Amino acid sequence: MHLLSSLVLALLVSSPSAQAAMTASRFAPLDTLAIHIEEASRDTKGVAPRFAVPQPVSISARSAQNWEQEGDRWVWRHRVTSPNVVSLNFGFTKFHLPEGAALSIRSADGSQFIRDFTAEDNNAAQELWTPVILTDDVIMELSVPSAAMNELQFELGQVGQGFRTFDQTFTKSGACNIDVACEDSKGWEKEVNSVAVISTGGSTFCTGFMVNNAKGDRTPFFMTAHHCGITAGKAPSLVTYWNYQASTCKGSRDGKLSDFQTGATFLATYYDSDFTLVKLNSQPKPEWNVNYAGWSRADEVSPWAVAIHHPNTDEKAISFENEPVEISGYLETGTPAKNTHIRVNDWDKGTTEPGSSGSPLFNAEHRVIGQLHGGWASCSSQTQDYYGRFHISWEGKGTANSRLKDHLDPESTGVISVDTI
């Protein structure tokens, strides 16, 4: 465990309002070489790659002694320092803010910040998991109306020490990846806007997508891969980042992290076709222009296919298979023994990488027919990728928590396909 201290310290630091006392947590630097070796081992096991090392803590604002009264409010401050990490993120395992309260998280130098969290972020799980903040030194400030202090529930249970994420990593995505800002994605703009990069548990990353339903009512259903590890217990820790993509083709890695949502409710998963479906705690904001991907559950394949994904936490990319895709079992070649997956034999333009898991495969009609499970494809390897079939996931094991049918068509209309909205 890398935590050196998590204790009440009388620290005097500059704050926008005044010199203020605060508690502090300090962590030792990460052993990045050991982490690199561990990540290589995780990759061979087919589990979701990590972007951060989770460190458990137990820091309760309610029991702290350093609250300061400022007018009709009480204010608590806590500093987290972890030298040389790429980012920090936070899991509040108890979270309920009264009306008028606010939690701010900013870098100690004031250059980085996350939007304020308020009572609007309260949820049934009473947890809050933050997006990353690209700094190694953070000050969080909790401000609560004096009259509402007895309503506060607030405990920091985990700090994520980022060793790769979004702008720095051991290896960025390969040069053959095609930014969605490139001309190649023309005609696929609606589908591009349905795809997001996600983090779970403050430590692992994958790709996922918003999915339409038979009603077309914009219920915030979100789909990814089973092996990305979103269980009923971990769904509240899901952070979804929209519009993380380069602004110009092959240009600067300038994707933004500000269009995020946090928290979800687990709905269904199925190991055989490697899907998981959750419902996000809220709809994406209209100004983010998020679309809901169409899909087909037909027992058929496609003469060609397109993948939209986040390779290795890099900005959003698009890949093209110009030949027919095939029905297969997972990691099977040749004549299929099972029918749970769709096999892309080799990408003609682009590829996929770790972190692309859970991303959608679209058929020639621009409808999702599967989500990425795994494979061997890379910029240096013209080999297969395998997508869990939407057709198989529709019925799953025949129960509501193992299939898509009950959630995407609860009135059993029998619809075979829907379009992106």
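Residues numbered from 1 in each chain as written. Predicted model: local features only at pLDDT ≥ 70, side-chain atom pairs only at ≥ 80, totals over all residues. Heavy atoms only, no water.

Asker: Would you explain the pairing of strand E27 (residues 385-389) in this entry?
Answerer: The side chains of a regular strand alternate between both faces of the sheet. Here E27 lies mainly inside the structure; five of its five residues are buried. Direction of pairing for strand E24 (residues 341-344) relative to E27: antiparallel, over a ladder of four bridges. If you follow His 341 over to E27, its bridge partner there is Gly 388. As paired elements, strand E26 (residues 368-375) and E27 share five bridges and run antiparallel to each other. When the bridges of E27 are listed, Gln 371 appears paired with Gly 388. (Buried < 20%, exposed > 50% of the residue type's maximum accessible area, 1.4 Å probe, protein only. Helix = DSSP H or I, 4+ residues; strand = E, 2+ residues; numbered from the N terminus. Pairing = 2+ DSSP bridges.)

Asker: Please explain the layout of surface pockets as it appears in this structure.
Answerer: By rolling a water-sized probe across the atoms, one finds the places where empty space is left. Taken as a whole, the largest pocket holds about 920 Å³ of empty space. What lines the largest pocket is a set of 40 residues, among which Asp 43, Gly 46, Val 47, Pro 354 and Gly 375 lie closest to the centre. When residues of the lining of the largest pocket are traced back to their parent elements, those giving at least two are helix H1 (32-44) and E26. Tallied by class, the residues present in the lining of the largest pocket amount to 11 nonpolar, 17 polar and 12 charged. Taken as a whole, the second largest pocket spans an internal volume of roughly 530 Å³. What lines the second largest pocket is a set of 27 residues, and nearest its centre among them are Glu 120, Asp 121, Thr 262, Asn 281 and Ser 282. (1 Å grid on protein atoms, 1.4 Å probe; cavity = no way out; pocket = protein on both sides within 12 Å on 5 of 7 lines; lining within 4 Å. Points joined across faces, edges and corners; volume = space filled by probe spheres on them. Nonpolar A, V, L, I, M, F, W, Y, C, P; charged D, E, K, R; others polar.)

Asker: Even after reading the chapter, I still don't get the sheet that holds strand E6 (residues 87-96), so can you show me in this structure?
Answerer: Sheet strands line up and pair through hydrogen bonds in the backbone, either parallel or antiparallel. Judged by pairing direction, the sheet is antiparallel, and its four strands sit side by side in the order E3-E11-E6-E9 without closing on themselves. A single partner strand is all that each edge strand has here, and the edge strands are strand E3 (52-60) and strand E9 (128-129).

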